Amino acid sequence: MRNSSLITLAGIVAVSLLAGCGRGARFDVTPASFPECRGPNIVAHVSWDAQSVTTDPVRIYIYKVGNPKVLWYQGSPKGDKDTGKWIADGSTLVLETSNGRVLGRHTIETTPCNDVKK
């Protein structure tokens, strides 16, 4: 093989390997924020898919700044679940592998209410 052919082949292999590395876990929390007039606490819908990263169980922790994280879910690397009505401004949800690798993080924030009384 000529040097240019080897370089081209090496480039194709490198691009193929890098393309496979771009896949990661999906971690969604709805709503991502909410008007403070709907609070102080709400129910959030959490969905995740970490199957491209792990086949082992995952963990979802919840915490607020200044408080320790609390295990909320442990199980299948793909699923969805509603929280209780205890999500508040500053609540953070973290998706982790069973060995502690962080796959996703969401912090819920409130937005000002612009209620205009007539």
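Structure report, in brief. Keep in mind it's a predicted model, so treat the numbers as computed, not measured. (Residues numbered from 1 in each chain as written. Predicted model: local features only at pLDDT ≥ 70, side-chain atom pairs only at ≥ 80, totals over all residues. Heavy atoms only, no water.)

1. Considerations on the environment of Lys-78
Secondary-structure assignment places Lys-78 in strand S6 (residues 78-82). Residue Lys-78 is classed as partly exposed on the basis of its relative accessible area of 43%. Separated by 51 residues in the primary sequence, Lys-78 and Phe-27 place their C-alpha atoms 9.6 Å from one another. Beyond its immediate chain neighbours, meaning those up to four positions away, Lys-78 contacts Trp-48, Asp-49 and Gln-51. (Helix = DSSP H or I, 4+ residues; strand = E, 2+ residues; numbered from the N terminus. Buried < 20%, exposed > 50% of the residue type's maximum accessible area, 1.4 Å probe, protein only. Contact = heavy atoms within 4.5 Å.)

2. A closer look at the environment of Leu-93
Examined against the element boundaries, Leu-93 turns out to sit in strand S7 (residues 92-97). Counting along the chain gives 13 residues from Leu-93 to His-106, while the straight-line C-alpha distance between them is 5.3 Å. Not counting residues up to four positions away in its chain, the partners in contact with Leu-93 are Phe-27, Val-29, Val-46, Ile-60, Tyr-61, Ile-62, Ile-87, Gly-104, Arg-105, His-106 and Ile-108.

3. Observations regarding the environment of Thr-110
Tracing the chain through its elements places Thr-110 in strand S9 (residues 109-111). When its relative accessible area of 24% is taken as the criterion, Thr-110 is described as partly exposed. Once residues within four sequence positions are removed from consideration, Thr-110 is found in contact with Phe-34, Glu-36 and Asp-89.

4. Points about the packing of aromatic side chains
Counted according to the given criterion, the structure contains two aromatic pairs. Ring geometry for Trp-48 and Tyr-73: centres 4.6 Å apart, planes at 55°, overall tilted. Here Trp-48 is found in strand S3 (residues 45-49), whereas its partner Tyr-73 is found in strand S5 (residues 70-75), with 25 residues between them in sequence. The same class applies to Trp-48 and to Tyr-73, which are both buried. We note Lys-69 situated over the ring of Tyr-61; from NZ or CZ to the ring centre the distance is 4.4 Å. A cation over a ring is seen here: Lys-81 above Trp-72, with NZ or CZ 4.9 Å from the ring centre. (Phe/Tyr/Trp six-rings, centres within 6.5 Å; stacked < 30°, edge-to-face > 60°. Lys NZ or Arg CZ within 6 Å of the ring centre and 35° of its normal.)

The analysis is restricted to geometry; functional conclusions fall outside its scope.
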